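Structural features, examined
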Amino acid sequence: MASSLPGPPDLISDMVQPVDLVNSVQHPAVVTLEQHHSLPADLMIGNNHRMPVDMLGDLPSTSSTEDHSPDAESPDITSDRLDARWFSRGTGSNGVPAGVPMPTSKDAETYNMNHRRRGKAYVFNHMNFDPRLQLRPRNGTNCDRDNLRINLRQLDFEVEVYDDLPFKEIERILENASLEDHSDADCILVTVLSHGELGILYASDQPYKPDRLWSHFSADKCQSLAGKPKMFFIQACQGDQLDHGLNMSRTETDAGAASYKIPNHADFLIAYSTIPGFYSWRNTTAGSWFVQAFCHVIQREAYSRDLLSIMTRVCRKVAFDFQSNVPGDYVMHEKKQIPCVTSMLTRDVIFTRK
């Protein structure tokens, strides 16, 4: 039974504030190069010139011996540098071309959406949670689940719906999905409907970081989806702040290369129902504002606009057509919401008819 506590349905109690691990690191002191008279001799060029140093990207070598190897850079050669003090070679491939077939030409403006299949769509719906988490039931979420299933099927997705799964099961399903052969598919889509906090989503049994949803699908880990759209839609709170809105009275004025390399994290789109730090609203009978707006726009414009244009219209509908209705609680009454869309797409996503 839903709790009678005040507040929006996705209110999270006893929130854990995230710790800024980056800014808590003590950085080493930096000696200004203007004090050239105190610089070591190996940082001087000639008698009057100082070696330019980018303290993030071009730290001088700590070695006292010169590098006479053939790979040593000439001062006349321009090269790209990292804007970071520490360097990691990453956990992906070693950069050697693996011969992955290109789904489309390098300079194509749209993704190839003419494969035999549209692809898989996964809907992870969470209504009830382990009592130890002290999270209220998400009444209305089954309406979101059913609307998504209908609309995604109309877009020719093979839709798989899961209710109230523990985290290990979610991760198992997504890991198995990343190991499948998607060579004959256009794309993949994952939707999560749940409670959340800043940087946290909830499975039925525990919290987890959102990047656990898409980490399996980077180009080096799921090569049959390399160069194809990977879309993630998340309906969940990202904090406990309320958007009070602002009344507006009027407007101010009435062929390509034979092969090419792509970043491992290209071609993702991640859409949150709200911006970081803020509540996400859900009607207990009609479903969340975000999913209502998404389904409304998709039904009407899926084949006539690209996905980012569609998401812009989803944002506009959520922003202008919805407002909280909690007349018994003035703190929660007449509040607003705006979705947040992060795109690493490199082309337009246009859903062609199958």
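It should be noted that the structure appears before, not after, this text.
Residues numbered from 1 in each chain as written. Predicted model: local features only at pLDDT ≥ 70, side-chain atom pairs only at ≥ 80, totals over all residues. Heavy atoms only, no water.

Describing the nonpolar core
Grouped together as the largest cluster of nonpolar side chains are 39 residues, with contacts concentrated most on F157, M231, F233 and V314. Elements with a minimum of two residues in this core: β3 (120-125), α1 (141-154), β5 (188-193), β9 (230-235), β10 (268-272), α4 (289-301) and α5 (307-321). Top contributing element to this core by residue count: α4, with 8 residues. Counting residues in hydrophobic clusters, the runner-up holds 25 residues, among them Y122, I170, V192 and Y208. (Core = buried A, V, L, I, M, F, W, Y, C linked by side-chain atoms within 4.5 Å. Buried < 20%, exposed > 50% of the residue type's maximum accessible area, 1.4 Å probe, protein only. Helix = DSSP H or I, 4+ residues; strand = E, 2+ residues; numbered from the N terminus.)

Considerations on the pattern of salt bridges
Think of it this way: side chains of opposite charge can pair up when their charged atoms draw near. Counted under the stated rule, the structure contains 17 salt bridges. A salt bridge links R172 to E169, with the nearest nitrogen and oxygen atoms 2.8 Å apart. Within this pair, R172 and its partner E169 are both found in helix α2 (residues 167-179), separated by 3 residues, close to a single helical turn. Among the charged side chains, a network of salt bridges with common partners joins R116, R117, E158 and D184. (Salt bridge = Lys/Arg side-chain N within 4 Å of Asp/Glu carboxyl O.)

Topic: the side chain of D186
By the element assignment, D186 lies in the loop between α2 and β5. D186 has contacts with N112, M113, N114, H115, R117, R118, K228, P229 and K354, leaving out every residue within four places of it along the chain. (Contact = heavy atoms within 4.5 Å.)

Here's the deal with α5
The end-to-end C-alpha distance of α5 is 20 Å, a good match for the 21 Å that 15 residues give at a rise of 1.5 Å each. For α5, every residue scored as buried is listed here: L307, I310, M311, R313, V314, C315, K317, V318 and A319. Sitting at the head of α5, D306 places a side-chain oxygen 3.2 Å from the backbone nitrogen of L308. (Expected span 1.5 Å × (residues − 1). Polar contact = N/O pair within 3.5 Å; in protein donor to acceptor, adjacent residues only side chain to side chain.)

Points about the packing of α4 against α5
Direction vectors running N to C along α4 and α5 enclose 135°, while the axes themselves pass 9 Å from each other. The orientation of α4 with respect to α5, classified from their angle, is oblique. For α4 against α5, the interelement crossing comes out right-handed. On the side of α4, the interface is formed by W289, F290, A293, F294, H296, V297, I298 and E301, while α5 contributes I310, M311, R313, V314, K317 and V318. A class-by-class count of the residues in the contact of α4 with α5 yields 10 nonpolar, 1 polar and 3 charged. (Axes fitted to C-alpha atoms, helices over the stretch in contact; angles between N-to-C directions. Parallel < 35°, antiparallel > 145°, perpendicular 65-115°, else oblique. Left-handed = near helix turned anticlockwise from the far one by under 90°. Nonpolar A, V, L, I, M, F, W, Y, C, P; charged D, E, K, R; others polar.)

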